[in-house]
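As a plain string of letters, each chain reads:
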Amino acid sequence: VFNVEIDPIEVTEDDVNTQINYLIMDMVGGSEKLQTLVNREVVSGDTVNIDYVGSIDGVEFEGGNSNGEGYDLAIGSGTFIDDFEDELIGHKPGEEVLVTATFPDDYNTADLAGKEAEFAVTIHGIYTTPELTDEFVQENFADVASTAEEYRAYVENNFYREHLEEYLHNYILDNSTIQSYPNAYVKALKGLIKSSDEYNLEYTNQMFSMYGMTSEYTN
């Protein structure tokens, strides 16, 4: 028996936030969820879902229509031609935006290269991680908490306990000396080793036999 000196185990706000984000992402299937009613503007780095219809001089051009199927676009990725993504910044889901952008001179479709186009864009939503609200907690974590504040306290306490258990486990391993093993444990371990050796020997003999050779090792 010995006393354990516990080093201070600090749980920071970043620790709690990281753990909560991980749990929320796990809850929603490991990916961000399309928020169609989120009341915030699109910013660089967002992934949005849009539909668009492109035209030049009022005439729709081939390949410039998403056909209402919805397209996921990462703002700032450079997936679309210059200025297209930038012109969506500052707008919100539900808005219709008229985007003006010019195809580069070396665009791979000659009929579009260097031409200015207009795109009628509808922003359907922004992919975001759901926020930890009282409603989200009640819907998904009601077995442990009823408010966001209670759930944060629950996560913080669990984080502390997990790290305390890890600390104690490592402390005991580092400060203990094994003097002997129980006979039953030694006997069981010998049996496992023998069984493994016999399996490996049988496998080796079979391999030798497949190639017309004889192993000098036998049981």
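The structure this text deals with has already been given above.
So, how was this worked out
- Every residue gets a number counted from 1 within its own chain, in the order that chain's sequence is written.
- pLDDT decides what is reported in this predicted model: residues at 70 or higher carry local features, side-chain atom pairs at 80 or more are listed and counted, and totals for whole chains, interfaces and linings draw on all residues regardless.
- Think of the side-chain values as coming from all heavy atoms in the structure, minus any hydrogens and water.
- As used in this record, nonpolar core signifies buried Ala, Val, Leu, Ile, Met, Phe, Trp, Tyr and Cys residues forming a set joined through side-chain atoms within 4.5 Å.
- Here's how the labels work: a residue is buried when its accessible area is under 20% of the maximum for its type, exposed when over 50%, partly exposed in between, all with a 1.4 Å probe on protein chains only.
- Helical segments are the DSSP runs of H or I of at least four residues, strand segments are the runs of E of at least two, and each set is numbered from the N terminus.
- Whether two residues are in contact is decided by their heavy atoms, any of which lying within 4.5 Å being enough.
- When DSSP locates at least two bridges between a pair of strands, those strands are taken to pair.
- The term salt bridge refers to a side-chain nitrogen of Lys or Arg lying within 4 Å of a carboxyl oxygen of Asp or Glu.
- The axes are straight lines fitted to the C-alpha atoms, using for helices just the contacting stretch, and the angles between their N-to-C directions are given from 0 to 180°.
- Just so you know how the angles are binned, under 35 degrees is roughly parallel, over 145 roughly antiparallel, 65 to 115 roughly perpendicular, and the rest oblique.
- Asp, Glu, Lys and Arg are counted as charged, while Ala, Val, Leu, Ile, Met, Phe, Trp, Tyr, Cys and Pro are counted as nonpolar; the rest, among them Gly, fall into the polar class.
- Expected helix span is taken as 1.5 Å per residue step, with the number of steps being one fewer than the number of residues.
- Any pair of Phe, Tyr and Trp rings, taking the six-membered ring for Trp, is counted once the centres come within 6.5 Å. Such a pair is stacked with planes under 30 degrees apart, edge-to-face with planes over 60 apart, and tilted for the rest.

So, on to the nonpolar core. In terms of nonpolar packing, the biggest core is built from 22 residues, with I50, L73, F84, L88, F103, F119 and V121 touching the most fellow members. Secondary-structure elements contributing two or more residues to this core are β2 (47-56), β5 (96-102) and β6 (116-128). Considering every element that reaches this core, the biggest residue donor is β6, with 5 residues. Sequence-distant contacts of F119, that is, excluding residues within four places in its chain, are made with Y52, V53, G54, F61, I81, F84, V97, L98, V99, A101 and F103. Counting 12 residues, the second largest nonpolar core, distinct from the first, contains V16, I20, V137 and A148.

Positive phi values are uncommon outside glycine, yet N67 reaches one of about 60°. The phi dihedral of D83 falls on the positive side, at around 80°, and the residue is not glycine. Residue position: D83 is located in the loop between β4 (71-74) and β5.

It is worth spelling out the pairing of β2 at this point. Taken across its 10 residues, β2 has 8 buried, putting it largely inside the fold. The pairing of β2 with β4 spans 4 bridges and is classified as antiparallel. Counted as the bridge partner of V48 is L73 from β4. In terms of strand pairing, β2 meets β6 through 8 bridges, oriented antiparallel. Pairing of V48 across the sheet is with I126, part of β6. Both β2 and strand β3 (residues 59-65) contribute to a ladder of 3 bridges, which runs antiparallel.

Our next topic: the pattern of salt bridges. Using the criterion set out here, one finds 1 salt bridge in the structure. In this structure, R40 and D46 form a salt bridge, with 2.9 Å as the shortest nitrogen-oxygen distance. On the basis of relative accessible area, R40 is assigned to the partly exposed category, the value being 29%. When its relative accessible area of 8% is taken as the criterion, D46 is described as buried.

Turning our attention to the pairing of β5. Burial along β5 is one-sided: the residues V97, V99 and A101 are buried and none of E96, L98, T100 and T102 is. Two strands pair when backbone bridges link them, and β5 and β6 are joined in this way by 7 bridges, in the antiparallel orientation. Along β6, the bridge assignment pairs L98 with A120.

Let's shift gears to the packing of helix α1 (residues 13-27) against helix α3 (residues 148-174). The N-to-C vectors of α1 and α3 enclose an angle of 105°; their axes lie 10 Å apart at closest approach. If you check the angle between α1 and α3, you find them roughly perpendicular. Residues E13, D15, V16, N17, Q19, I20 and L23 of α1 form the contact with α3, whose participating residues are Y151, R152, V155, E156 and F159. Looking at the contact of α1 with α3 residue by residue, the class counts come to 6 nonpolar, 2 polar and 4 charged.

Okay, α3 next. Across its 27 residues, α3 extends 39 Å between first and last C-alpha, which sits within 8% of the 39 Å expected from 1.5 Å per residue. Residues A148, Y151, V155, F159 and Y167 constitute the buried set of α3. Those residues of α3 hidden inside the fold are in contact with α1 and α2 (134-140).

Let's shift gears to the packing of aromatic side chains. The relative placement of two aromatic rings is captured by the distance of their centres and the angle of their planes. If you walk through the whole model with that rule in mind, you get 15 aromatic pairs. Plain terms: the ring middles of Y52 and F80 are 5.5 Å apart, the flat faces sit at 80° to each other, and that makes the pair edge-to-face. Taken together, the residues span a long stretch of sequence, with Y52 in strand β2 and F80 in the loop between β4 and β5 at a distance of 28 residues. Judged by relative accessible area, Y52 falls into the buried class, the value being 11%.

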